[in-house]
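Listed below, chain by chain, are the residues.
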Amino acid sequence: MPHTTGPGRIGGDGSVTAHAPAKVNVHLAVHPLREDGFHDLTTVFLAVSLLDSVTAWPDDGLSLTVTGEGADGAVPADSRNLVWQAAELLARHAGVRADAALHIDKSIPAAAGLAGGSADAAAALVALDTLWGTHCTRGDLAVLAAQLGSDVPFSLVGGMALGTGRGEQLTPVLTRRRTDWVLGIAGAGLSTPGVYRELDRLRGAGELPASSVAGTADDVLTALRGGDAGEVAALLANDLQAPALALRPELERGLQAMTGAGALGALVSGSGPTVAGLAEDAQAAAATAEALAGSGAFRAVRAVHGPVPGARLAG
Ligand code: C5P
């Protein structure tokens, strides 16, 4: 495997910057709770063009600052942040001191079902691997990524992939076909463990079947690679949507607003509360985003496309 590092990517001030994308689960089937507290999944991950960046400078010890989405307190700037944990993990793995001043510039909202924290962790691994000259392969970084969180390996790989296990086992799927999406971002986040717990509660109470998603991940991958956007729209499905709606009933209005503004189909992204709407093309996505921006249905609206690459050095 090629090394991800390159001294040419170190800036004049000694800094290294990496970007990583948000993700949408185009299809997400959640299987029963495992003994380790996680759920096995079958999911189709798509990396979309909403990027966070992480910059690392040489320094003594670790420090962290955050700007952009969630910088007002939703994103901790200390050892609770996955970026901090990524730095400590890589340093331990490589046998180097965890010395870096880190900065996250966030465009991906926190606790939104878009894997923003995972994107930051993946970008940190890539940036610090270059800053510290630790020469990890992508395979090494993927092993570290899986220890940080279920979605971090996909943030590293990007593109489009079938995810199994707790989401960390990936089969990349090559496609040249672009899909256009509108993200409707809610005011307040939802806790991922809380949404999984609500799913287990609803299933345990007999209020939800074992899985309610239509079609299979294979159907979705086939449609995403070759079919038209309408075919993909008919297959959008997410087992976490019902528990997210149970915890946040007003999300139903967001889903309706999305299709009402022209999206071919809409679903809750991951554990929510972001609503992802599939558009016919880039022009339709821009029109839907514009219609929604004035509607008050969401705190913020973004037109994005996928697939885009995973975490990589800037420049
Ligand atoms: O892996 P990650 O740290 O993102 O997971 C956060 C929480 O989400 C887990 O502690 C678990 O409660 C839940 N989860 C799950 N099954 C998965 C992924 C996450 O139950 N496949």
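Residues numbered from 1 in each chain as written. Predicted model: local features only at pLDDT ≥ 70, side-chain atom pairs only at ≥ 80, totals over all residues.

Draft legend 1. Looking closely at the packing of helix H1 (residues 82-94) against helix H3 (residues 138-148). Where H1 contacts H3, the axes come no closer than 10 Å and their chain directions differ by 135°. Between H1 and H3, the angle falls in the class oblique. Viewed along their axes, H1 and H3 form a crossing whose handedness is right-handed. Where H1 abuts H3, its residues Leu82, Gln85, Ala86, Leu89, Leu90 and His93 lie against Leu144, Gln147 and Leu148. The residue inventory of the contact of H1 with H3, partitioned by class, reads six nonpolar, three polar and no charged. (Axes fitted to C-alpha atoms, helices over the stretch in contact; angles between N-to-C directions. Helix = DSSP H or I, 4+ residues; strand = E, 2+ residues; numbered from the N terminus. Parallel < 35°, antiparallel > 145°, perpendicular 65-115°, else oblique. Left-handed = near helix turned anticlockwise from the far one by under 90°. Contact = placed C-beta atoms within 7 Å. Nonpolar A, V, L, I, M, F, W, Y, C, P; charged D, E, K, R; others polar.)

Draft legend 2. Seen up close, the site of the ligand. Around the ligand, a shell composed of Gly37, Phe38, His39, Leu41, Gly149, Ser150, Asp151, Arg166, Gly167, Thr192, Pro193 and Tyr196 is seen. Listed by contribution, the elements that provide at least two residues to the shell around the ligand are strand S2 (39-57) and helix H5 (192-204). When residues of the shell around the ligand are assigned to their parent elements, the largest contribution, three residues, is made by H5. When grouped by side-chain class, the residues that make up the shell around the ligand number four nonpolar, six polar and two charged. (Near = placed C-beta within 6 Å.)

Draft legend 3. Examining the sheet that holds strand S7 (residues 179-185) more closely. With antiparallel pairing, the four strands of this open sheet are ordered in space as S9-S10-S7-S11. Whereas interior strands pair on both sides, the edge strands pair on one side only; in this sheet they are strand S9 (265-268) and strand S11 (300-306). Taken pair by pair, the neighbouring strands of this sheet meet at an average axis angle of 25°, ignoring direction. Note: S9 against strand S10 (residues 275-279), four bridges, orientation antiparallel. When the bridges of S10 are listed, valine 268 appears paired with valine 275. In this fold helix H9 (residues 251-260) packs onto S7, S9 and S10, with an angle of close to 15° to the strand it touches most, S10. (Pairing = 2+ DSSP bridges.)

Draft legend 4. How the structure looks around the domain arrangement of the protein chain. Domain assignment breaks the protein chain into domain 1 (7-173) and domain 2 (179-306). Each of domain 1 and domain 2 has a C-alpha centre, and the two are 23 Å apart. Every contact between the two is made by 28 residues of domain 1 and, on the other side, 33 residues of domain 2. Taken together, the elements giving at least two residues each to the side of domain 1 that touches domain 2 come down to strand S1 (16-33), S2 and strand S5 (160-164). The biggest single contributor to the side of domain 1 that touches domain 2 is S2, with nine residues. Here the side of domain 1 that touches domain 2 is composed, by residue class, of 21 nonpolar, seven polar and no charged. (Domains from an automatic or database assignment.)

Draft legend 5. Representation of the UniProt feature "active site" (unreviewed entry) in the protein chain within the structure. The UniProt record marks Lys23 and Asp151 with the feature "active site" (unreviewed entry), using the residue numbering of this structure. A maximum C-alpha distance of 9.0 Å is found for the annotated residues, which run over 129 residues; spatially they form one tight group. Along the chain, lysine 23 falls in strand S1. Here lysine 23 falls in the buried class, since 33 other C-beta atoms lie within 10 Å of it. When neighbours within four sequence positions are excluded, lysine 23 is seen to be in contact with Phe45, Leu46, Ala47, Val48, Leu114, Ala115, Asp151, Phe154 and Ser155. Locating aspartate 151 in the fold gives a position in the loop between H3 and helix H4 (152-157). Judged by C-beta crowding, with 28 C-beta atoms within 10 Å, aspartate 151 ranks as buried. Dropping the residues within four chain positions of it, aspartate 151 is found in contact with Lys23, Ala115, Ser118 and Gly167. (UniProt positions renumbered as here; feature names shortened; annotations may be inferred. Buried ≥ 20, exposed ≤ 12 C-beta atoms within 10 Å, placed from the backbone.)

Draft legend 6. Layout of H9. Leu251, Gly254, Leu255, Ala257 and Met258 are the residues of H9 that are buried. Looking straight down H9, one finds its buried side chains confined to an arc of 160°; they lie on one side. Looking at the buried residues of H9, the elements they touch are S7, helix H8 (241-247), S9, S10 and helix H10 (282-293). Positive phi appears at glycine 262, one or two residues downstream of H9, with a value of about 115°. (Arc of directions from axis to C-beta.)

Draft legend 7. A look at the confidence of the model for the protein chain. When the pLDDT values of the protein chain are averaged, the result is 94; 97% of them are 70 or greater. What the predictor reports for the complex is a pTM of 0.95 with an ipTM of 0.98. (pLDDT = per-residue confidence, 0-100.)

Draft legend 8. Region of the structure containing the UniProt feature "domain: GHMP kinase N-terminal" (unreviewed entry) in the protein chain. Using the residue numbers shown here, the UniProt feature "domain: GHMP kinase N-terminal" (unreviewed entry) corresponds to residues 81-159. Secondary structure across residues 81-159 comprises 58% helix and 9% strand; the distance between its end C-alpha atoms is 25 Å.

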